[in-house]
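Take a look at the letters that make up each chain.
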Amino acid sequence: MRAIGFEQPGDIDRDRSLVDIELPTPTPTGRDILVAVKAVSVNPVDVKVRRSVQPKSSQWKVLGWDAAGVVSAVGSEVTLFQPGDEVFYAGAIARPGTNAEYHLVDERIVGMKPKTLDWAAAAALPLTSLTAWEMMFDRLDVRKAVPGAAPAILIIGGAGGVGSIAIQMARQLTDLTVIATASRPETVAWAMEMGAHQAIDHSLPLADEIVKLGLGAPAFVFATTQTDRHLDAIAALIAPQGRWGLIDDPATLDITKFKRKSVSVHWELMFTRSIFNTSDIDEQGKILNEVSRLVDAGVLKTTMTERYTKVNAANLKQVHTLIESGKARGKIVLEGFE
């Protein structure tokens, strides 16, 4: 089968940073399903792994954690899917990725593809939807009010992949006022299109920008990026007894700043359930099925902003470069193999 991989981690502008390769088609066993991949999207985690993870000796590392495709075959213990089912999912970071014609994935972290979306539009959603859902409803528990706080959530990085779907979920599935950060006219417009009530500029002091809104101190903060840069501002602007969460990887994280306000801090990694095979791993499949239902009902929409017509090394290099620039908006998707 065709795939894209790398042998050595490093910068994207190297000749062999990503390479078109041929690999054996895997065979599903146990609870795995084999998916014929139709489209993939690229996330910041792809860039992080490509830069820093050394593949095992004499092996290719295949990236990719978002996919939409058709079930081709199933393992002997599979009960949730059958060949021909159209699915979407975000995969597991400890296993080979989706930048391949065929991909093995545990059925418990897979959902049925939204019927109203094509392959590319569907592939934009799984990883970011799971991240946003788990952060807001599992970690921050945003449906539980914070006494005395403004019923509002600040989403830092509102135009990114996670921010784009988090805005939609907060707007459509809660009664919170949704405040997103964005710094360019096009990203402000995108955040508002996704459903933000307000957009503030994260290049300015965030605490001051929140005060200007006149809403009061927000109960919740969801930091999707540059947490180290905004940490002092988050501590200043959040309500006493508020809850905030992050998904990025600051070099240091001094949470003593939050003790005086008794603010709880939550870290979300979408891969936790699959890494540790947690007893509730099947929650991810359930979440994706609910996201699919909400998309088909017109409540949520795809966050795809760009589509490349082939999954190959050349196109993946272009997308990695764009994500590294920090200027990507929404999700970038690649569809179909040569």
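Just above, that's the structure.
Reading the values: rules and limits
Residues numbered from 1 in each chain as written. Predicted model: local features only at pLDDT ≥ 70, side-chain atom pairs only at ≥ 80, totals over all residues. Heavy atoms only, no water. Helix = DSSP H or I, 4+ residues; strand = E, 2+ residues; numbered from the N terminus. Rg over C-alpha atoms; globule rule 2.2 N^0.38 Å. Buried < 20%, exposed > 50% of the residue type's maximum accessible area, 1.4 Å probe, protein only. Contact = heavy atoms within 4.5 Å. Areas by Shrake-Rupley, 256 points an atom, 1.4 Å probe, with all protein chains shown as cover. Lys, Arg positive; Asp, Glu negative; His and termini not counted. Charge placed at Lys NZ, Arg CZ, Asp CG, Glu CD. Pairing = 2+ DSSP bridges. Phe/Tyr/Trp six-rings, centres within 6.5 Å; stacked < 30°, edge-to-face > 60°. Salt bridge = Lys/Arg side-chain N within 4 Å of Asp/Glu carboxyl O. Axes fitted to C-alpha atoms, helices over the stretch in contact; angles between N-to-C directions. Nonpolar A, V, L, I, M, F, W, Y, C, P; charged D, E, K, R; others polar. Patch = residues over 30% accessible without salt bridge, like charges linked within 9 Å, V, L, I, M, F, W, Y side chains within 5 Å.

Undergrad: How do you make sense of the overall build of the protein when you look at a structure like this?
TA: Along the backbone of the protein there are 10 helices and 16 strands. For the protein, the C-alpha radius of gyration of 20 Å lies close to 20 Å, the compact-globule estimate for 338 residues. Considering only C-alpha atoms, the protein reaches an extent of 60 × 45 × 35 Å along its principal axes. Expressed as a percentage of the 338 residues in the protein, the buried residues total 56%. Of the contacts formed within the protein by residues at least 6 apart in sequence, a portion of 71% connects residues at least 24 apart. Surface exposure of the protein reaches about 14300 Å², of which carbon and sulfur atoms provide 50%. Within the protein, the 40 negative side-chain charges are centred at a point lying 3 Å from the centre of the 36 positive side-chain charges.

Undergrad: I tried to follow the pairing of strand β1 (residues 2–6) on my own but got confused; where do I start?
TA: Along any regular strand the residues' side chains alternate between the sheet's two faces. Within β1, four of the five residues are buried, which leaves the element mostly enclosed by the surrounding structure. When β1 meets strand β2 (residues 19–22), the two strands line up antiparallel, connected through four bridges. Paired with A3 across the two strands is I21, which belongs to β2. As paired elements, β1 and strand β4 (residues 61–62) share two bridges and run antiparallel to each other. Bridge pairing in β4 links F6 to K61.

Undergrad: Looking at this structure, I do not really get the packing of aromatic side chains. What am I missing?
TA: Within a pair of aromatic rings, the relevant descriptors are the distance that separates the centres and the angle that separates the planes. Summed over all chains, the structure comprises three aromatic pairs. Between W133 and F137 the ring centres are 4.8 Å apart and the planes differ by 65°, which places this aromatic pair in the edge-to-face class. Separated by four residues within a single helix, W133 and F137 lie in helix α3 (residues 126–139), roughly one turn from each other. Given the relative accessible area of 13%, W133 is considered buried.

Undergrad: Explanation requested: the pattern of salt bridges in the structure shown.
TA: For side chains of opposite charge, pairing can occur when their charged atoms come near one another. Throughout the structure, instances matching the rule amount to 23 salt bridges. The shortest N-O distance in the salt bridge between E324 and R50 comes to 2.7 Å. Here R50 lies in helix α1 (residues 44–52) and E324 lies in helix α10 (residues 313–324), a separation of 274 residues in the sequence. Judged by its relative accessible area of 28%, E324 falls in the partly exposed class. A relative accessible area of 0% places R50 in the buried class. For E86, the salt bridge is made with K113, and the minimal N-O distance between the two is 3.9 Å. Of the two residues, E86 sits in strand β6 (residues 86–89) while K113 sits in the loop between β8 (110–112) and α2 (119–123), which places them 27 residues apart along the sequence. One salt-bridge network, in which partners are shared between bridges, spans E134, D138, R139, E268, R273 and D280.

Undergrad: So what exactly am I meant to see when it comes to the packing of helix α4 (residues 161–173) against helix α5 (residues 185–194) here?
TA: Following both chains from N to C, one finds α4 and α5 inclined at 35°, their axes separated by 8 Å at the closest point. Across the interface between the two elements, S164, I167 and Q168 from α4 touch W190, A191 and M194 from α5. Grouping the amino acids of the contact of α4 with α5 by side-chain chemistry returns four nonpolar, two polar and no charged.

Undergrad: I would appreciate a short explanation of the environment of G157 in the present structure.
TA: Tracing the backbone shows G157 in the loop between β9 (150–156) and α4. Residues G157 and D201, spaced 44 residues apart in sequence, show a C-alpha to C-alpha distance of 9.8 Å.

Undergrad: I keep staring at a nonpolar patch on the surface and nothing clicks. Help me out?
TA: A surface patch of nonpolar side chains, about 310 Å² in accessible area, is lined by L269, I275 and F276. Looking at the element boundaries, I275 is found in helix α8 (residues 272–275). You can call I275 partly exposed: its relative accessible area is 41%.

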